[in-house]
Amino acid sequence: MTGASSLATAERVARIPARPRTWPRTLGVVGVLAVLTALTATPALGGVEIDLGAIAKNWTNGADRIAQMLTPDLSVLPRTWQPLLETLQMAVVGAAISAALAIPLSMWAARPTNPRTPTRMAVRFVLNMIRAVPDLVYATILVAMVGVGALPGVITLVLFDVGIVVKLVSEAIDSADSAYMEAGRAAGGTQTQINRLTALPQTWPAYVSQVLYSLELNVRISAILGLVGAGGIGRLIDEMRGFYRYDALSTIVLEILIVVVFIELASNILRKRLR
Amino acid sequence: MSETITGSEAGGVAPPASGPWPIELDDVTVRYPNGVVALKNVSLSIAAGEMVAVVGLSGSGKSTMIRTVNGLVQPTGGRVTVGPHAVSELRGRALREARGDIGMIFQAFNLADRASVFHNALVGRFAHMPTWRTMLGLASAEDRDMVMRSLDSVGMLEKVWHRAGALSGGQKQRVAIARALSQEPAVMLADEPVASLDPPTAHAVMADLEDINASRGLTVLVNLHLMDLARQYTTRMIGLRAGEVVFDGPAATATDADFEAIYGRPVQARDRLGE
Amino acid sequence: MTALAVRAPIAPPRPRRLAVRIASWTVAAVVVGAFVGLDIEWDKLADLPGDLVHYGSLMFSDPDWSMLPEALRQTWRSVSMAWLGALLGVVLSTMLGIPAAEGVGPLWLRLPLRGLFAIIRAVPEVVIAIIILTVTGLTPFTGALALAIGGIGTHAKWTYETVESAPGGAVEAVRAGGGGLLATIRWGLWPVISPELASLALYRFEINVRTSAILGLIGVGGIGDMLTTYTQHRQWDTVGVLIIVVIVVTMTIDAVSGAIRRRIMEGAKVRGVDRSS
């Protein structure tokens with residue numbers, strides 16, 4: 001009898017389906033990641049030199065800085081009001097201008113509101129290009145062009161905001177139900193008329209939500225714009241860094257944090273109202 | 001009321017249509033880019049002021065046919081004429097003006113849910129409004145009056161400032177009818193106008209269409225898939241099956257056998273709406 | 001037609017909601033106030049189109065292509081920073097983010113972790129780099145570390161949000177089978193969330209490519225460093241080359257990474273918050 005039962009077991013084992021061979025794919029992915037990592041970590045090829053020795057040797061420097069930052073020096077506060085106000089003004093102006101520009105641009109960049117493929121693709125391509133340039137690069141070049149001050153900062157924020165607001169809003173239009181378009185077309189409307197009277201109210205919540213988001217990002221960004229001379233509180237950050245005043249630096253960072261949290265809370269309330 | 005239509009007047013504002021108009025389909029074929037032939041050599045002649053039902057199962061081509069009448073679908077062969085407009089030959093502005101004289105209502109109502117009832121009905125004035133007015137969101141006194149009267153005639157005036165999305169299905173379809181009436185059309189098209197409604201509401205909407213035909217004298221072309229509605233409310237019935245006309249005769253006397261020939265299968269309970 | 005023309009019906013008056021009015025006026029006032037308060041010579045704006053044409057032609061009419069090899073070398077350095085920063089940042093974020101998710105870690109662990117992420121989110125990458133460069137100097141390594149640590153703020157947040165939005169069935173099954181915390185994570189959670197985490201990791205790399213150019217401005221090397229230097233020396237024909245390189249490289253990386261992300265997410269239909277696009 002034992003013979004028969006062991007045979008049955010063997011048969012059952014044989015019926016287990018073969019495990020699909022996923023390991024070649026896994027190995028491939030891991031291999032690609034490893035090779036990329038190795039290449040980027042090779043100084044001879046222009047990659048990053050990973051210098052763990054420096055960390056072992058100098059980590060106390062960093063720890064000192066952090067310790068300094070953990071004891072914020074509040075006496076700097078009065079000096080921050082003016083630059084902070086400028087930062088907020090820049091953020092609002094940048095968001096307002098880009099909001100105005102984003103209305104027609106989002107409509108041109110979405111399929112339901114702009115069925116003409118060539119113009120839609122052209123708008124999308126230009127916006128992709130605008131988004132490909134980092135914000136501080138704009139600021140650096142604009143400062144060289146129009147001089148130090150809030151103007152290059154505001155233009156930078158406008159370019160940055162238009163890039164993200166148009167992308168997110170046009171995607172929202174693309175994914176929303178747009179049957180009402182057909183009714184406008186059937187009534188003999190031009191695309192512009194349909195967009196203005198029906199697509200605009202339909203898109204409004206997504207649009208306002210993204211503009212508020214861009215306002216929030218603007219405050220964060222304009223904190224660093226000052227590093228290249230484009231106005232705002234970043235100027236003070238740069239100055240404090242120059243004097244190694246890390247305790248003052250952390251006060252400013254804290255201040256920005258509070259403002260950002262406040263804007264975030266306010267915009268959450270507004271967003272809920274709009275639903 | 002003269003019979004001549006001058007096309008466009010100064011300011012790009014089309015005059016109201018002097019209807020009703022006949023509809024002519026002459027050897028119309030629609031072949032979609034994916035190769036599907038939705039209409040095969042359809043020839044029809046609908047007299048001014050007729051109330052005609054187009055009956056067929058989904059996929060029979062009735063949706064395509066009704067859309068060739070206002071040029072939302074352009075035929076790949078043949079000719080469509082509505083009153084003075086050779087719709088199948090028109091493009092751009094001339095086509096939009098022709099559409100302005102042809103009202104249309106849809107199965108899914110196609111309202112902009114977030115816009116007010118007023119603004120949805122104002123869509124019907126597109127062909128009569130210069131674009132700058134639409135851009136500013138300013139309706140002229142006449143446009144406003146026209147919209148209010150249309151809403152009043154379907155009993156929706158008191159909801160004029162409500163959001164379209166907040167209405168019930170029957171109310172939405174009434175707003176859609178008001179939108180079409182605001183066009184002051186000569187012809188009214190309806191694509192399965194009651195398929196999304198419950199039986200009592202469906203009868204009410206069909207009665208509205210009957211009234212539009214009787215009291216305003218508009219030519220009405222309505223797609224239906226339910227036999228009893230076709231018999232009760234229309235005078236003439238056209239049966240479509242696989243893109244071809246298989247029945248054309250008085251609706252009231254159409255027998256169950258006629259419907260079986262149109263459907264290509266025995267009549268079932270779901271082909272009737274009931275009361 | 002006649003029936004229509006008989007009377008103009010009396011429409012109900014358009015409702016004016018006070019709250020909406022107040023809100024609109026407040027927003028308008030804030031915007032106008034910001035415009036007026038901002039110390040900008042707006043007439044300078046009139047010169048801007050002319051300036052753009054002028055500098056645009058300086059940059060792009062005859063770019064100094066002899067700088068291309070150096071530009072590409074510096075770009076590779078920036079991309080290396082971005083890659084290593086993303087790798088390290090994602091590993092750290094995953095290790096810290098998963099225990100910070102509700103249903104995984106205990107409250108006494110979750111709260112401090114989330115607080116840490118919030119603090120890091122508030123500190124600009126540039127400031128983080130300023131601290132780190134006291135340890136590792138003005139080197140690309142500093143840039144990579146700044147990207148890694150700065151990335152934890154948002155990335156760990158995305159990680160715990162992903163975990164929390166994952167369907168809980170698998171986790172419960174492993175728990176029911178008597179698995180401990182690590183077993184639960186490995187066999188219940190990981191298979192469900194790994195596609196989205198992989199997608200987010202690639203997205204982190206895309207973000208880092210942009211941020212690494214910014215870090216270059218404080219001197220840690222890479223294309224941003226080169227761009228600042230040549231802009232300050234107003235060598236516009238070189239700046240033109242650099243901008244073209246930045247745009248082409250960034251758009252290419254975005255396109256490739258985006259395509260891979262879509263494949264990952266289509267391969268595994270994980271429900272969750274889609275921040276990836």
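Residues numbered from 1 in each chain as written. Chains lettered and ligands numbered in written order. Predicted model: local features only at pLDDT ≥ 70, side-chain atom pairs only at ≥ 80, totals over all residues. Heavy atoms only, no water.

Details of the interface of chain A and chain C
Accessible area lost when the parts come together is the quantity often used to give the size of an interface. Contacts between the two partners involve 61 residues from chain A and, on the opposite side, 55 residues from chain C. Buried area between chain A and chain C, summed over both chains or domains, comes out near 5,000 Å², and the portion from carbon and sulfur atoms is 80%. Looking only at chain A, the three residues that lose the most surface to chain C are Val48, Met145 and Leu151 of chain A, adding up to 12% of its buried area. On the surface where chain A and chain C come into contact, there are seven residue pairs in polar contact (both at pLDDT 80 or more). (Contact = heavy atoms within 4.5 Å. Buried area = accessible area lost by both parts, 1.4 Å probe. Polar contact = N/O pair within 3.5 Å; in protein donor to acceptor, adjacent residues only side chain to side chain.)

Points about the domain arrangement of chain B
Residues and elements named next belong to chain B. Assigned domains of chain B: these are domain 1 (19-101 + 187-264) and domain 2 (113-184). Each of domain 1 and domain 2 was reduced to a C-alpha centroid, and the two centroids are 24 Å apart. Counting from both sides, the interface comprises 13 residues of domain 1 and, opposite them, 11 residues of domain 2. Note on domain 1 versus domain 2: buried area summed over both sides is about 980 Å², and carbon and sulfur give 64% of it. Linking domain 1 with domain 2 are one salt bridge, by the criterion used here. (Domains from an automatic or database assignment. Salt bridge = Lys/Arg side-chain N within 4 Å of Asp/Glu carboxyl O.)

Considering the sheet that holds strand β8 (residues 236-241) of chain B
Residue and element names in this part refer to chain B. An order of β5-β6-β7-β3-β8-β9 is seen for the six strands of this open sheet, with the pairing classed as mixed. Among the strands making up the open sheet, the edge pair consists of β5 (102-105) and β9 (244-250). The average angle at which neighbouring strand axes cross in this sheet is 15 degrees, direction not considered. Direction of pairing for β8 relative to β9: antiparallel, over a ladder of six bridges. Opposite Leu240, over in β9, you have Val245 as the bridge partner. (Pairing = 2+ DSSP bridges. Helix = DSSP H or I, 4+ residues; strand = E, 2+ residues; numbered from the N terminus. Axes fitted to C-alpha atoms, helices over the stretch in contact; angles between N-to-C directions.)

Observations concerning the side chain of Thr94 of chain C
On the secondary structure map, Thr94 of chain C appears in helix α4 (residues 68-97). Not counting residues within four places of it along the chain, the set of residues in contact with Thr94 of chain C comprises Pro99, Thr159, Trp190 and Leu197 of chain C.

Concerning the packing of helix α3 (residues 52-69) of chain A against helix α6 (residues 125-136) of chain C
Running from N to C, α3 of chain A and α6 of chain C cross one another at 140 degrees; their axes reach a closest spacing of 6 Å. It follows that α3 of chain A is oblique to α6 of chain C by the angle criterion. The two elements α3 of chain A and α6 of chain C meet at a crossing, and its hand is right-handed. Residue-level contacts link Ala54, Ile55, Asn58, Trp59, Asn61, Gly62, Arg65, Ile66 and Met69 of chain A of α3 of chain A to Val127, Ile131, Thr134, Val135 and Thr136 of chain C of α6 of chain C. For the contact of α3 of chain A with α6 of chain C, a count of residues per class yields eight nonpolar, five polar and one charged. (Parallel < 35°, antiparallel > 145°, perpendicular 65-115°, else oblique. Left-handed = near helix turned anticlockwise from the far one by under 90°. Nonpolar A, V, L, I, M, F, W, Y, C, P; charged D, E, K, R; others polar.)

Considerations on the packing of aromatic side chains
Taken as a whole and assessed by the stated rule, the structure comprises seven aromatic pairs over all chains. One residue, Arg144 of chain B, lies across the ring of Phe118 of chain B, its end atom 5.8 Å from the ring centre. We note Arg114 of chain C situated over the ring of Tyr160 of chain C; from NZ or CZ to the ring centre the distance is 3.9 Å. (Phe/Tyr/Trp six-rings, centres within 6.5 Å; stacked < 30°, edge-to-face > 60°. Lys NZ or Arg CZ within 6 Å of the ring centre and 35° of its normal.)

Considerations on a positive patch on the surface
Positive charge collects at one region of the surface, where Arg144 of chain B together with Arg14, Arg16 and Arg21 of chain C lie side by side. For Arg21 of chain C, the position within the fold is in helix α2 (residues 18-37). (Patch = residues over 30% accessible without salt bridge, like charges linked within 9 Å, V, L, I, M, F, W, Y side chains within 5 Å. Areas by Shrake-Rupley, 256 points an atom, 1.4 Å probe, with all protein chains shown as cover. Lys, Arg positive; Asp, Glu negative; His and termini not counted. Charge placed at Lys NZ, Arg CZ, Asp CG, Glu CD.)

Some words on the sheet that holds strand β2 (residues 37-46) of chain B
Residues and elements named next belong to chain B. Spatially, three strands are ordered β2-β1-β4 in an open sheet, and the strand pairing comes out antiparallel. Either end of the sheet is taken by a strand with one partner, and the two such strands are β2 and β4 (77-82). For this sheet the average axis-to-axis angle between neighbouring strands, irrespective of direction, equals 20 degrees. Relative to β2, strand β1 (residues 23-31) is paired through six bridges, and the arrangement is antiparallel. Across the sheet, residue Val30 finds its bridge partner in β2, namely Leu39.

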